[in-house]
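Notes for the structure review
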Amino acid sequence: MSSRYPVWNVPSALLSRDDNDHDHDHDPAPPTDHDNDHDHDHATRTCDDNDHDHDHDHDHATDRDNDNDHNHDHDHDHDHDHDHDHHDHTHTHTETISLEQKVLEKNDLLAERNRQWLAGRGILALNVTSSPGAGKTTLLERTIRELTADRSVAVIEGDQETLLDAERIRAAGARAVQVNTGAGCHLDADMVHRALYALEPESGSLLFIENVGNLVCPAVYDLGQDVNVVALSVTEGEDKPLKYPTMFMKADLVLLTKIDLLVHLDVHLTAIEDAVARVMPNPRMIAVSAREGTGIDKFQAWLTSHQVFA
Ligand SMILES: Nc1nc2c(ncn2[C@@H]2O[C@H](COP(=O)(O)OP(=O)(O)O)[C@@H](O)[C@H]2O)c(=O)[nH]1
Ligand SMILES: [Mg+2]
């Protein structure tokens, strides 16, 4: 497998079968009716070129049948003296939008199936997003270690590369599976579906889905979660909610992390609260320090208030 393809770093101990061939022909994974061999789907994913090369290929095949579709793209002045690939210009704005809609519609369908499967088992799923390094994994480690509720915890770890976060979560005492997205900048519903197959979270458990560190792409990909938690660290400054409003608009909770560092920064808590309140429809923010333990009890109380039972 080429390195640009995603690596499904599923530890064999967590697999319910001996092989890694995910046929999806039995529970516990949510049912889907799509082709489950998705390696090709996730190749060359980037934030701009969202996904699903097979869809592109199909569109290009159609274009080759009717080249006249794109003549207008080549009518521009060619005075410039550098070479470039004219083929790039064949993607019209309209085509890009309709492809994105198709991808998102397919994702939404799979996400809804994940949601129903999780709800049927009384599993509360939380999509945890943030910029890289805001402190998501550290917070989850501390939350797992101090969990007072009588619920088991399972974690899906999303990163472009490495198994590091899943290893940290297991060391903290919870089950974890790592999903490596390769060039991709977010998890999607199919990745979560496949991770659920490997993880087999217990009925009634808490499922944290730590998304790829990024405040943009993960905001538009539904995974089937019940709630969205955004971690925002004080080291990111006061303006991130205003600059990346989509993520905060969809958040059920903002965890303001690393507040032990506030004393070292020229950043004011009230300014962050104000920015969050301006973009979040029902502002709810808990200030935490995973290093010192501040606010972890409040986060636990918030989790308890969101418990769902089968
Ligand atoms: N001072 C301080 N550092 C923290 C805190 N939480 C996380 N960090 C540090 O921030 C860095 C990134 O944390 P990590 O949990 O890996 O972030 P993630 O990328 O969002 O999962 C690490 O060096 C952590 O030790 C905190 O509450 N206080
Ligand atoms: Mg992490």
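As shown above, the structure is provided for reference.
Under the criterion given, the structure shown has one disulfide. Here C185 is linked by a disulfide to C217, with a sulfur-sulfur distance of 2.5 Å. Sign of the S-S torsion, about -105° for the bond between C185 and C217, identifies this disulfide as left-handed. A residue pair is termed long-range when its members are at least 10 positions apart, and C185 in the loop between β3 (175–180) and α5 (189–199) and C217 in the loop between β4 (206–210) and β5 (227–233) qualify at 32 residues. Note on accessibility: C185 and C217 belong to one class, buried.

With respect to the secondary-structure elements, N214 resides in the loop between β4 and β5. Separated by 2.6 Å, the side chain of N214 and the backbone nitrogen of V216 make a polar contact. A distance of 3.3 Å separates a polar side-chain atom of N214 from the backbone nitrogen of C217.

Each pair of donors in an ideal four-coordinate tetrahedral metal site encloses 109.5 degrees, whereas pairs in an ideal six-coordinate octahedral site enclose 90 or 180 degrees. Here the magnesium ion (ligand 2) is held by the protein donor atoms T137 (OG1), D165 (OD) and E210 (OE), which lie 2.1 Å from it. Every donor residue of the magnesium ion (ligand 2) comes from the same chain, spaced as T-x27-D-x44-E. With D165 in helix α4 (residues 164–172) and E210 in strand β4, this residue pair connects regions lying 45 residues apart in the sequence. A relative accessible area of 3% means that E210 is categorised as buried.

The rules we used
- Residues numbered from 1 in each chain as written.
- Chains lettered and ligands numbered in written order.
- Predicted model: local features only at pLDDT ≥ 70, side-chain atom pairs only at ≥ 80, totals over all residues.
- Heavy atoms only, no water.
- Disulfide = S-S within 2.5 Å.
- Helix = DSSP H or I, 4+ residues; strand = E, 2+ residues; numbered from the N terminus.
- Buried < 20%, exposed > 50% of the residue type's maximum accessible area, 1.4 Å probe, protein only.
- Polar contact = N/O pair within 3.5 Å; in protein donor to acceptor, adjacent residues only side chain to side chain.
- Donors = N, O, S within 2.8 Å, 3.2 Å for Na, K, Ca; no water.

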